[in-house]
Amino acid sequence: MTDQAGRTERRQVTVPAVRASKRSAGSAPIVMITAYDFPGAAAVDAAGADIVLVGDSLAMTVLGHQDTLSVSVEEMAHHVRAVARAQPKALLVADLPWMSYHLGTKEALKNAARLIKAGAKAVKLEGGRNRTGVIEALSAAEIPAMGHLGLTPQSVNVFGGFKVQARGVGAAEELARDAAALEAAGCFSIVLEGIPDVVAADVTRTLDIPTIGIGAGVHCDGQVLVYHDLLGMSLGLRPKFVRRYANLQEAAVEALKEFCTDVREGRFPSADESYHQGV
Ligand code: KIV
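(A) Molecular detail of the nonpolar core. Ranked by internal contacts, the top residues of the largest apolar core, which has 73 residues, are Ile51, Leu115 and Leu192. The residues contacting Leu115, other than those within four sequence positions of it, are Val73, Met76, Ala77, Val80, Ala94, Asp95, Leu96, Ala120 and Val123.

As structure tokens, this is what we get:
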């Protein structure tokens, strides 16, 4: 069956459905893709992704910043509203941007509520044991939370760049403790970014909630990629975990060049593309 937009109808993906999606229990891998606007969300949903994430990667992919630190709650909410207008069957998760949950639980709740009122069904936040208070407060306010560990981009200045984390035994153990703490605090899933595959596999095995990997190997309960990265629309460096499925930026430049040439050489518009008196 198809809906009015020609999409195959499918069930609404919910937080409990994602929470229950462990590959060890026979679930299919979770697919999460970012989107930042109405057509992007419509494409992600039509492709059948389980989760559409309005990530704070918005700062880099769409707004042109060098890192994710500059995006505000207001900007995030603006893009969440656009994504929500696509009425995705995929679960709509929105990132809490840097400094929106670091000034105490009251401030964090207020900012999370802005994203929920904009259309998100859950929020994602970075960090481990230092975030359990906020996650418990979100839970008490009926706001589902997704965790994010490893190469957390909001910590870029602490890490000294976008560097793979948890390579050593001690750091891997710390990450595992953080993951257990996030689950105990009420997270319904955790993104694992930029960590060795064996570390991600261990964490995935010990948790009841699903892990969603990005640069974390194949053993996670799901995978996430950034829309602009997988469609070949991102202009910066390409980390090795990014698989490009298209080269849309190049295709866009070629098409736009053709239009420029057609206008300059008088080939656009044609008679068919013009209105005529009395017709
Ligand atoms: O902001 C983002 O796009 C993310 C994903 C990479 C997980 O956090």
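(B) Quick look at the pairing of strand S3 (residues 91-95). Of all 5 residues in S3, 5 are buried, a share of seventy percent or more. One ladder, built from 4 bridges, connects strand S2 (residues 51-54) with S3; its direction is parallel. When the bridges of S3 are listed, Val52 appears paired with Leu92. As defined by bridge partners, S3 adjoins strand S4 (residues 122-124) across 3 bridges and the pair is classed as parallel. By the bridge assignment for S4, Ala94 is matched with Val123.

(C) Region of interest: the environment of Val54. If you trace the backbone, Val54 turns up in strand S2. Its relative accessible area of 0% is what places Val54 among the buried residues. Taking C-alpha positions, Val54 is 4.7 Å from Ala94, a pair spaced 40 residues apart along the chain. Setting aside residues no more than four positions away along its own chain, Val54 makes contact with Ala35, Met76, His79, Val80, Val83, Leu92, Val93, Ala94 and Asp95.

(D) Spatial organisation of the site of the ligand. Every residue lining the ligand is accounted for by Thr34, Leu53, Gly55, Asp56, Ser57, Asp95, Lys124, His148, Val191, Ile214 and Val226. Take Lys124: an N or O atom from its side chain is 2.8 Å from an oxygen atom of the ligand. Protein chains bury 96% of the 260 Å² of accessible surface belonging to the ligand in isolation. Of the residues assigned to the shell around the ligand, the class counts are 4 nonpolar, 4 polar and 3 charged.

(E) Highlighting the sheet that holds strand S7 (residues 211-214). Strand order in the closed barrel formed by 8 strands is S1-S2-S3-S4-S5-S6-S7-S8, with parallel pairing between adjacent strands. Sheet twist, expressed as the mean angle between neighbouring strand axes with direction ignored, is 25°. Of the strands in this sheet, S3 and S4 are in contact with helix H5 (residues 105-117), which crosses S4 at around 125°.

(F) Geometry of the pairing of S2. Along S2, one buried face is formed by Ile51 and Leu53 and the opposite face, lined by Val52 and Val54, is buried too. Here 3 bridges tie strand S1 (residues 30-34) to S2, and the two strands are oriented parallel to one another. Each residue of the ladder has a partner; that of Ile33, found in S2, is Val52. A crossover links S1 with its parallel partner S2, the connecting element being helix H2 (residues 38-46), and its sense is right-handed.

(G) Representation of the packing of helix H6 (residues 132-140) against helix H8 (residues 169-185) within the structure. Following both chains from N to C, one finds H6 and H8 inclined at 25°, their axes separated by 9 Å at the closest point. Taken together, H6 and H8 sit at an angle that is classed as roughly parallel. Classified by chirality, the crossing of H8 by H6 is right-handed. Here H6 contributes Thr132, Ile135, Glu136 and Ser139 to the contact with H8, which in turn contributes Ala181, Leu182 and Ala185. Tallied by class, residues from the contact of H6 with H8 come to 4 nonpolar, 2 polar and 1 charged.

(H) View of H6. Residues Thr132, Val134, Ile135, Ala137 and Leu138 constitute the buried set of H6. Against H5, S4, strand S5 (145-150) and H8 lie the buried residues of H6. Following H6 by one or two positions, Glu142 has its phi on the positive side, about 65°.

(I) Representation of the pattern of salt bridges within the structure. Summed over all chains, the structure comprises 13 salt bridges. Lys257 is the partner of Glu254 in a salt bridge, and the nearest nitrogen-oxygen pair spans 3.7 Å. A residue pair is termed a helical-turn pair when its members lie 3 or 4 positions apart in one helix, as Glu254 and Lys257 do in helix H11 (residues 248-264) at 3 residues. For Glu254, a relative accessible area of 43% translates into the label partly exposed.

(J) Fine view of the side chain of Glu193. Following the sequence through the fold, Glu193 ends up in strand S6 (residues 189-193). For Glu193, which is buried and forms no salt bridge, the nearest opposite charge comes from Lys124, at a distance of 6.2 Å. At a separation of 2.8 Å, a polar atom in the side chain of Glu193 contacts the side chain of His148. Apart from residues no more than four positions distant in its own chain, Glu193 is found in contact with His148, Leu149, Gly150, Leu151, Pro153 and Ile214.

Conventions used here
- Residues numbered from 1 in each chain as written.
- Predicted model: local features only at pLDDT ≥ 70, side-chain atom pairs only at ≥ 80, totals over all residues.
- Heavy atoms only, no water.
- Core = buried A, V, L, I, M, F, W, Y, C linked by side-chain atoms within 4.5 Å.
- Buried < 20%, exposed > 50% of the residue type's maximum accessible area, 1.4 Å probe, protein only.
- Contact = heavy atoms within 4.5 Å.
- Helix = DSSP H or I, 4+ residues; strand = E, 2+ residues; numbered from the N terminus.
- Pairing = 2+ DSSP bridges.
- Near = heavy atom within 4 Å.
- Polar contact = N/O pair within 3.5 Å; in protein donor to acceptor, adjacent residues only side chain to side chain.
- Areas by Shrake-Rupley, 256 points an atom, 1.4 Å probe, with all protein chains shown as cover.
- Nonpolar A, V, L, I, M, F, W, Y, C, P; charged D, E, K, R; others polar.
- Axes fitted to C-alpha atoms, helices over the stretch in contact; angles between N-to-C directions.
- Right-handed = clockwise from strand over helix to strand, strands pointing away.
- Parallel < 35°, antiparallel > 145°, perpendicular 65-115°, else oblique.
- Left-handed = near helix turned anticlockwise from the far one by under 90°.
- Salt bridge = Lys/Arg side-chain N within 4 Å of Asp/Glu carboxyl O.
- Lys, Arg positive; Asp, Glu negative; His and termini not counted.

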